[in-house]
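# Report on the structure
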Amino acid sequence: MRRASLTQFLIERQRAGRINADLRLLIETIARACKAISTRVNKGSLGGGHGSAGSENVQGEIQKNLDVMSNEILLEANEWGGNLAALVSEEMEDVKPTPTHYPRGEYLLLFDPLDGSSNIDVNISVGTIFSVLRCPKGVEPDEKVFLQPGRNQVAAGFAVYGPTTQLVITVGDGAYGFTLDRETFTFVLTQERIKIPEDTAEFAINTSNMRRWEPPVKRYIDECLAGKDGPRGKDFNMRWVASMVADVYRVLSRGGIFMYPRDSKNKDGRLRLMYEANPMAFIVEQAGGAATDGRNRILDIQPHKLHQRIAVVLGSKNEVDRVTSYHANS
Ligand code: F6P
Ligand code: MN
């Protein structure tokens, strides 16, 4: 049987009335940009992408050449398509409305152009994360219109530039995975209706922060580490890629729990709500998993600023529920 391409998949969604033509074209545009970024990442030092760009982003992080390139690829791809009212990027301080000489569309796009950028120069997977919201009609797209809870997202997705380039997408009817076929340069549907197992024996957390964690997180990890002889009665394995895209992709593929909790150094958490936590939470829930900040469902959190940080606990439902209950009882 011939597998569907991303284009066929999206046209089917449009025929079923789940998305309109503008949203279909917007997702196609983002996917095209991801292919271009994948090519750049793949070239490594040969494409001039390695090394520091000599600048800092709005979060005070050193920008790598590939961060800047990826941001430019996404900006250029989305500027003239007519599907967007405005966009927001991790790499830019302010909202960027669609230039007035291009038609304005009904959507708002948020993205992390290159997630996991500490891994760029060392040949470990990195990726792109995106989230799509609707812009209310007749409203000038300023920061305020972006401050919508994640449950309002109409689409979200991420690409992982790893041994293969994978794209995961949701438009609210399940999470689907696509593999980039480098011969035809098309994304091909390879994972239908991804389902995260409810139970797992694998956790992902940066344990170098252990001394700074809050008690419920410390309790959960201590219990996992105690293994068969501890209260959980089974051994756990640990993974930490330090690229959220790669860690979440693994969780979608075989289950697991991924955590970047708040701690005494990262008081609000480390990951960004609007273009990291929200799109990943949407995808994970669509795959039958759960996502909280330790206490509340991420998709219900009302954002108060564009580059807001948040604690993230996501993945296999029973484990996320356990961590959330430890917080509730603390
Ligand atoms: O975007 C932030 C990020 O790079 C994530 O992709 C990743 O999960 C995390 O930071 C890694 O953090 P640390 O450097 O503390 O391991
Ligand atoms: Mn990131």
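Keep in mind that this is a model prediction, so the values were computed, not measured. (Residues numbered from 1 in each chain as written. Chains lettered and ligands numbered in written order. Predicted model: local features only at pLDDT ≥ 70, side-chain atom pairs only at ≥ 80, totals over all residues. Heavy atoms only, no water.)

## With respect to the sheet that holds strand β4 (residues 96-97)
- Read from one edge of the open sheet, eight strands run β4-β3-β5-β6-β7-β8-β9-β10, paired in mixed fashion. Two strands close off the open sheet at either side, each with one partner strand: β4 and β10 (186-191).
- In this structure, strand β3 (residues 84-89) lies alongside strand β5 (residues 107-115), joined through five bridges in parallel fashion. For Ala 86, the partnering residue across the bridge sits in β5 and is Leu 108. (Pairing = 2+ DSSP bridges. Helix = DSSP H or I, 4+ residues; strand = E, 2+ residues; numbered from the N terminus.)

## Here's the deal with the nonpolar core
- Formed by 42 residues in total, the largest nonpolar core has its most connected members in Leu 6, Leu 23, Val 132 and Phe 178.
- Counting residues in each nonpolar core, the second largest holds 33 residues, with Ala 277, Met 280, Ile 298 and Val 312 among its members. (Core = buried A, V, L, I, M, F, W, Y, C linked by side-chain atoms within 4.5 Å. Buried < 20%, exposed > 50% of the residue type's maximum accessible area, 1.4 Å probe, protein only.)

## Let's talk about the coordination of the manganese ion (ligand 2)
- Each protein donor to the manganese ion (ligand 2) is listed here as Asp 112 (OD), Asp 115 (OD) and Glu 276 (OE); together their distances run 2.0 to 2.2 Å.
- Each donor residue of the manganese ion (ligand 2) belongs to the same chain, with the gaps between them written as D-x2-D-x160-E. A single burial state applies to Asp 112 and to Asp 115, both of which are buried. (Donors = N, O, S within 2.8 Å, 3.2 Å for Na, K, Ca; no water.)

## Observations regarding the domain arrangement of the chain
- Splitting the chain by domain gives domain 1 (6-191) and domain 2 (202-328).
- Taking only C-alpha atoms into account, the centre of domain 1 sits 23 Å from that of domain 2.
- The interface is formed by 48 residues belonging to domain 1 together with 32 residues belonging to domain 2.
- Around 2900 Å² of area is buried between domain 1 and domain 2 when both sides are counted, 62% of it from carbon and sulfur atoms.
- If you sort the residues of domain 1 by the area they bury against domain 2, Ile 129, Leu 147 and Phe 158 come out on top, with a joint share of 18%.
- For the interface between domain 1 and domain 2, the tally reads two salt bridges.
- Across the contact surface, domain 1 and domain 2 share 19 residue pairs in polar contact (both at pLDDT 80 or more).
- Those elements giving two or more residues to the side of domain 1 that touches domain 2 turn out to be β3, β5, β6 (126-134), α4 (143-146), β7 (155-161) and β8 (165-170).
- Here the residues of the side of domain 1 that touches domain 2 sort into 22 nonpolar, 18 polar and eight charged. (Domains from an automatic or database assignment. Contact = heavy atoms within 4.5 Å. Buried area = accessible area lost by both parts, 1.4 Å probe. Salt bridge = Lys/Arg side-chain N within 4 Å of Asp/Glu carboxyl O. Polar contact = N/O pair within 3.5 Å; in protein donor to acceptor, adjacent residues only side chain to side chain. Nonpolar A, V, L, I, M, F, W, Y, C, P; charged D, E, K, R; others polar.)

## A few points about unusual backbone geometry
- A positive phi is found at Phe 185, a non-glycine position, where the angle reads about 55 degrees.
- Looking at the element boundaries, Phe 185 is found in the loop between β9 (175-181) and β10.
- Look at Ala 242: it is not a glycine, yet its phi comes out positive at around 70 degrees.
- For Ala 242, the location among the structural elements is in the loop between β12 (237-238) and α6 (244-254).

## Points about the site of ligand 1
- For ligand 1, the set of nearby residues contains 13 residues, the closest of which are Asp 115, Trp 240, Met 244, Tyr 260 and Glu 276.
- Within the side chain of Asp 115, one N or O atom sits 2.8 Å away from an oxygen atom of ligand 1.
- Within the complex, the protein chains bury 85% of what would otherwise be the 400 Å² of accessible surface of ligand 1.
- Going through the elements one at a time, β13 (257-260) and β14 (271-272) are the ones with two or more residues in the shell around ligand 1. (Near = heavy atom within 4 Å. Areas by Shrake-Rupley, 256 points an atom, 1.4 Å probe, with all protein chains shown as cover.)

## Considerations on the sheet that holds β12
- A sheet is described by the order of its strands in space; here five strands give the open sequence β12-β11-β13-β17-β15, paired in mixed fashion. With one partner strand each, in any of the chains shown, β12 and β15 (290-292) form the two edges of the open sheet.
- Relative to strand β17 (residues 312-315), β13 runs antiparallel, the two sharing four bridges. The residue bridging Tyr 260 from the neighbouring strand is Val 312, located in β17.

## Here's the deal with the side chain of Arg 232
- Within the secondary structure layout, Arg 232 lies in the loop between α5 (215-226) and β12.
- The class for Arg 232 is buried, based on a relative accessible area of 15%.
- Polar side-chain contacts of Arg 232 include one of 2.7 Å to the side chain of Glu 319.
- In this structure, Arg 232 is in contact with Tyr 220, Glu 223, Cys 224, Glu 319 and Arg 322, ignoring residues within four places of it in sequence.

## Structural notes on the packing of α5 against helix α8 (residues 317-328)
- Across the interface, α5 lies against α8 with an axial gap of 8 Å and an inter-helix angle of 135 degrees. Here α5 lies oblique to α8, going by the angle between them. Crossing handedness for the pair α5 and α8: right-handed. Contacts between α5 and α8 involve Pro 216, Val 217, Arg 219, Tyr 220 and Glu 223 from the former and Glu 319, Arg 322, Val 323, Tyr 326 and His 327 from the latter. (Axes fitted to C-alpha atoms, helices over the stretch in contact; angles between N-to-C directions. Parallel < 35°, antiparallel > 145°, perpendicular 65-115°, else oblique. Left-handed = near helix turned anticlockwise from the far one by under 90°.)

## Points about the environment of Tyr 220
- Position of Tyr 220 relative to the elements: it lies in helix α5.
- Once residues within four sequence positions are removed from consideration, Tyr 220 is found in contact with Arg 232, Phe 236, Ile 257, Met 259, Glu 319, Arg 322, Val 323 and Tyr 326.

## Quick notes on the confidence of the model for the chain
- Per-residue confidence for the chain averages 96 on the pLDDT scale, and 100% of its residues sit at or above 70.
- Ranking the elements of the chain by mean pLDDT puts strand β2 (residues 62-64) last, at 79, and helix α7 (residues 273-286) first, at 99. (pLDDT = per-residue confidence, 0-100.)

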